[in-house]
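Structure at a glance
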Protein chains: 2
Amino acid sequence: MITSPTLVLDRNKTLENINKMSSKISNLGLKFRPHFKTHQSLEIGNWFREFPIDGITVSSLKMAKYFASGGWKSITVAFPFNILDIKEINALASKIDLRVLVVDSESAIELDKRLTSNVSVYIEIDPEYGRSGIHFNDTEQIDKLISTLNNTKKLTLHGFYSHAGHSYKCRSANDLEQFSKAIINSLSQLKNKYDLSICFGDTPSCSVLKNFGAIDELSPGNFVFYDWIQTQIGSCDPDEITIAMKCPVVAKYPSRNELLIHGGAVHFSKDYDLLDSGEPYFGQVVQNLNGQWGKPIENCFLKSVSQEHGIIKCTDEFFNDTKPGDIITILPIHSCLTADLMGSYLTTDNERISHLSEKRI
Amino acid sequence: MITSPTLVLDRNKTLENINKMSSKISNLGLKFRPHFKTHQSLEIGNWFREFPIDGITVSSLKMAKYFASGGWKSITVAFPFNILDIKEINALASKIDLRVLVVDSESAIELDKRLTSNVSVYIEIDPEYGRSGIHFNDTEQIDKLISTLNNTKKLTLHGFYSHAGHSYKCRSANDLEQFSKAIINSLSQLKNKYDLSICFGDTPSCSVLKNFGAIDELSPGNFVFYDWIQTQIGSCDPDEITIAMKCPVVAKYPSRNELLIHGGAVHFSKDYDLLDSGEPYFGQVVQNLNGQWGKPIENCFLKSVSQEHGIIKCTDEFFNDTKPGDIITILPIHSCLTADLMGSYLTTDNERISHLSEKRI
């Protein structure tokens, strides 16, 4: 019985999401190297083993170690390597096909000097997201880095890696298609110029696009669960979301049609979407079915979160039907952060599944 | 040696913050019932034992159990009780002086029915924060609840509890004084009317006010560490902040004077403050001293966070002085959430201190 904030996972729907993405990528003749930063779970990782995948992607060395301990043999850490991690990079590279990102020549030379095993590298390309990587038009920097890499002993250049995180600003499948096409064109030009493979992969683009130009490999992550923001971006339908938070109602405030739940920033995270009014909200209420959940309920949402408190703004009908001691179900805005905070999953068939961030108490 | 995102704690400064707040409250002749939700640490909790305190405050039953396991005998769970927790409430109430909040008569009657031990309750009063509690002008509801409580068998009415979380909207000590005075006047009127003790306690008001009217007991929490937002509210000076994040720099982007660090939303949280431009930022860079830190560096801040990535926007000087492999130090916007995410502390004298949210791996 659920008595406190609990992250529930629908295993069958998750398998369906994996199957759909894997089939799509296979049918396009591309390689699939899924990002595991969303689920961060050895058990959920194992669900990918029945599909044709070419290794996995993670976003920290800690995750790489965790999944290597679960038997994964080819892992990309999709982050410019941290030279302070050299001891652990060497330890891991002696056991698996470890791949890291490089973004400048000086760091690549330093890494090469201190490596004791071979490491594959991707040159990270910034598709005007502005977070990390060499801008895709900066061929001077790209040329310089390729020439450096050709002179290193332990680094093997595998290709380019590019993440278009700014696709999250799109608000429809059409938007997304326009947005991604332009980026894929630019990346395809790089491929033509340098004859190097390209790995690409944000969930919105991978969910919506039907043509990936000259791209070789896709590494989306969030699609495994999706979340409410993905429905707003245009990547998925609400019923493709496979995790939800179940939270107890502890008080009712009739003067403002609001419910107080136990479920706050330490459970959901403070990631938000915006209402039409411009106000933020932190989750979408759905029909609560015993252990599972149904459709989104219009005008019922998580209006605010503090550390442990959450306030649900809702309709008269929902308000009148709900009382302290009830459990309500809420789709998270951003499943990666919610899963990381919750540290474990309860499946709809009542099995506990662990997450890298599982807590001691 | 620090190689990955690490939360560093200055023990002496923290003891000073505790000492200052404790002395202030003693000198005012009030009771001190500190909130432990900010540090969530048995070890740090023990640092309070040398000061005259009247029990502690927490914000979940899980925290109450944790601190009870550390020998605390009087604990307020500053949250309307969750009837689904009845088994654990009974277990805890049989061992310690457990206090919970009540906000309506129906729930109070239900709790009374199902309790096997006595529990003290506070009526939660909403000082127009709009989160939880009975509005302080709603004497009809207050009268009704008091009369209900007088007829219960296991519930003892201890007094009123009120948290003015909207003090966080203030932006100077003067603002804060005006804001808090009005609330304290209203609470003092309640005290006169009902002759019941009042517990009050947000860090901004407790830090700045010199007069607490008819209030009996204070339960601030954040003051133990403070954080960057508290300097903006007017509660503290930057050098009173006692925790900071140390993060490795992994890449430099000269075209935009930005540094990429390992340190993102899973380390800092997504809580933010706003720049004068209206753009959010997620942390304030300070001088990095070996294992410790110095003064804030103007125009150097954590501009954005994604799951593991952080982007530092900085001055030419800071940019030129910093290279991949360096560690930089950043004051968190909201220490409660950062500590909860990090799950442990490294003291400036190199001792590891655990947090309730400590992770298995």
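Residues numbered from 1 in each chain as written. Chains lettered and ligands numbered in written order. Predicted model: local features only at pLDDT ≥ 70, side-chain atom pairs only at ≥ 80, totals over all residues.

**Examining the overall build of chain A**
For the record, the criterion: Think of it this way: any DSSP run of H or I at least four residues long counts as a helix, any run of E at least two long counts as a strand, and we number them from the N terminus. Between the two quantities, the radius of gyration covers C-alpha atoms and the globule rule is 2.2 Å times the number of residues to the power 0.38. Using C-beta atoms placed from the backbone, we call a residue buried if 20 or more other C-beta atoms fall within 10 Å of its own, exposed if 12 or fewer do, and partly exposed for counts in between.
Across its full length, chain A holds 12 helices and 20 strands. Over its C-alpha atoms chain A spans a radius of gyration of 22 Å, differing by no more than 12% from the 21 Å that the globule rule assigns to 361 residues. Structurally, chain A occupies a C-alpha span of about 70 × 45 × 35 Å along its principal axes. A total of 361 residues make up chain A; the buried ones form 52% of that total.

**Describing the relation of the copies chain B and chain A**
Stated precisely, the cut-off is as follows: The copies are overlaid by a least-squares fit using only the C-alpha atoms of residues whose pLDDT is at least 70 in both copies. Here, residue contact means that the backbone-derived C-beta atoms of the two residues sit within 7 Å.
Here chain B sits on chain A after a turn of 180° about the axis and a move of 0.0 Å along it, with an RMSD of 0.0 Å. Interpreted geometrically, this transformation is the action of a two-fold axis. By C-alpha distance to the rotation axis, the residue of chain B lying nearest is Lys359(B), at 2.1 Å. Of the residues that chain B buries at the interface, 100% are likewise interface residues in chain A, meaning the two copies contact each other through the same surface.

**Focus on the nonpolar core**
The following threshold applies: Put simply, a nonpolar core is a cluster of buried Ala, Val, Leu, Ile, Met, Phe, Trp, Tyr and Cys residues tied together by C-beta atoms within 7 Å.
One finds Leu101(A) and Leu101(B) to be the most contacted residues of the largest nonpolar core, which totals 214 residues. Apart from the residues within four sequence positions on either side, Leu101(A) is in contact with Ala78(A), Phe79(A), Pro80(A), Phe81(A), Val121(A), Tyr122(A), Glu124(A) and Tyr161(A).

**Notes on the pairing of strand S16 (residues 292-305) of chain A**
Residues and elements named next belong to chain A. Applied cut-off: The pairing criterion is simple: DSSP has to find at least two bridges between the two strands.
The pairing of strand S15 (residues 283-289) with S16 spans 4 bridges and is classified as antiparallel. Bridge pairing links Gln-284 to Phe-301 in S16. The turn linking S15 back onto S16 is made up of 2 residues, and Gly-291 within it adopts a positive phi angle of 80°. Bridge count between S16 and strand S17 (residues 309-313): 4 bridges; the pairing is antiparallel. Considered in S17, the bridge of Val-305 is made with Gly-310.

**Section: the domain arrangement of chain A**
All names here are of chain A. In plain terms, the rule: Those domain boundaries reflect an automatic or database domain assignment. For this classification, the nonpolar set comprises Ala, Val, Leu, Ile, Met, Phe, Trp, Tyr, Cys and Pro, the charged set comprises Asp, Glu, Lys and Arg, and every other residue, Gly included, is treated as polar.
Here chain A is partitioned into domain 1 (11-226) and domain 2 (238-354). On a C-alpha basis, the centres of domain 1 and domain 2 stand 32 Å from each other. The partner domain 2 presents 13 residues to the 14 residues of domain 1 that form the contact. Mapped by element, the contributors of at least two residues to the side of domain 1 that touches domain 2 are helix H1 (11-27) and helix H2 (42-46). Looking at the side of domain 1 that touches domain 2 element by element, the count peaks at 4 residues for H1. Of the residues assigned to the side of domain 1 that touches domain 2, the class counts are 3 nonpolar, 7 polar and 4 charged.

**Brief notes about the interface of chain B and chain A**
Of the residues lining the interface, 43 residues belong to chain B; the matching set on chain A comes to 43 residues. Within the residue set of the side of chain B that touches chain A, elements represented by two or more residues are strand S4 (74-80), strand S11 (243-253), strand S12 (258-262), helix H10 (265-268), strand S17 (309-313) and helix H12 (335-342) of chain B. Of the residues that constitute the side of chain B that touches chain A, the class distribution is 18 nonpolar, 14 polar and 11 charged.

**Overview of unusual backbone geometry**
All names here are of chain B. Backbone geometry at Tyr-226 places phi at a positive 55°, although glycine is not the residue there. Its place among the elements puts Tyr-226 in the loop between strand S10 (217-218) and helix H9 (228-233). Unusually for a residue other than glycine, Asn-350 sits at a positive phi of about 70°. Inspection of the secondary structure puts Asn-350 in the loop between strand S19 (344-347) and strand S20 (352-354).

**Points about the environment of Glu124(B)**
All names here are of chain B. Within the fold, Glu-124 resides in strand S6 (residues 119-126). Judged by local crowding, Glu-124 falls into the buried class, with 25 C-beta atoms found within 10 Å. Residues Glu-124 and Gly-263, 139 residues apart in the sequence, show an inter-C-alpha distance of 38 Å. In contact with Glu-124, not counting residues within four places along its chain, are Pro-80, Leu-101, Val-103, Ser-132, Gly-133, Ile-134 and Tyr-161.

**Here's the deal with the packing of helix H3 (residues 61-69) of chain A against helix H4 (residues 86-93) of chain A**
Residue and element names in this part refer to chain A. Short version of the rule: Angles here are taken between N-to-C directions and fall from 0 to 180 degrees, while the axes themselves are lines fitted to C-alpha atoms, restricted in helices to the stretch in contact. An angle below 35 degrees is read as roughly parallel, one above 145 as roughly antiparallel, one from 65 to 115 as roughly perpendicular, and any other as oblique. Should the near helix be turned counterclockwise from the far one by less than a right angle, the crossing is left-handed, whereas a clockwise turn marks it as right-handed.
Between H3 and H4, whose axes approach to 11 Å, the crossing angle comes to 25°. Between H3 and H4, the angle falls in the class roughly parallel. Handedness of the H3/H4 crossing: left-handed. Note on element contacts: H4 touches H3 through Glu-88, Ile-89 and Leu-92, opposite Leu-61, Ala-64, Lys-65 and Ala-68.

**Overview of the pairing of strand S1 (residues 6-9) of chain A**
All names here are of chain A. As paired elements, S1 and strand S11 (residues 243-253) share 4 bridges and run antiparallel to each other. Residue pairing in the sheet places Thr-6 in a bridge with Lys-246 of S11. Bridge count between S1 and strand S19 (residues 344-347): 2 bridges; the pairing is parallel. When the sheet's bridge partners are listed, Val-8 is paired in S19 with Leu-346.

**Points about the packing of helix H5 (residues 105-114) of chain B against helix H6 (residues 139-150) of chain B**
Residue and element names in this part refer to chain B. At a minimum axis distance of 9 Å, the contact between H5 and H6 shows a crossing angle of 15°. Between H5 and H6, the interaxial angle falls into the category roughly parallel. Crossing geometry of H5 relative to H6 is assigned as right-handed. Between H5 and H6, the contacting residues are Ser-105, Ala-108 and Ile-109 on the first element and Lys-144, Leu-145, Thr-148 and Leu-149 on the second. Of the residues belonging to the contact of H5 with H6, the class tally is 4 nonpolar, 2 polar and 1 charged.

**Quick look at the environment of Ile18(A)**
Residues and elements named next belong to chain A. Mapping Ile-18 onto the fold places it in helix H1. On the basis of neighbour count, Ile-18 is assigned to the buried category, with 21 C-beta atoms found within 10 Å. Apart from residues lying up to four places away in sequence, Ile-18 is in contact with Trp-47, Phe-48, Phe-51 and Val-224.

**Comments concerning helix H7 (residues 173-194) of chain B**
Residues and elements named next belong to chain B. Our working definition: The span one expects for a helix is its residue count, reduced by one, times 1.5 Å. Each direction from the helix axis to a C-beta atom contributes to the arc, which is the arc of those directions.
Taking 1.5 Å per residue as the helical rise, H7 with its 22 residues ought to reach 32 Å, and the 31 Å between its terminal C-alpha atoms agrees with that figure. Residues Leu-176, Phe-179, Ser-180, Ile-183, Ile-184, Leu-187 and Leu-190 constitute the buried set of H7. Along the axis of H7, the buried positions cluster into a sector of 125°, meaning they face one direction only. Exposed positions of H7 whose direction lies more than 90 degrees from the buried face are Asn-174, Gln-178, Ala-182, Asn-185, Asn-192 and Lys-193. The positive-phi residue at the C-terminal boundary of H7 is Asp-195, with phi of around 55°.

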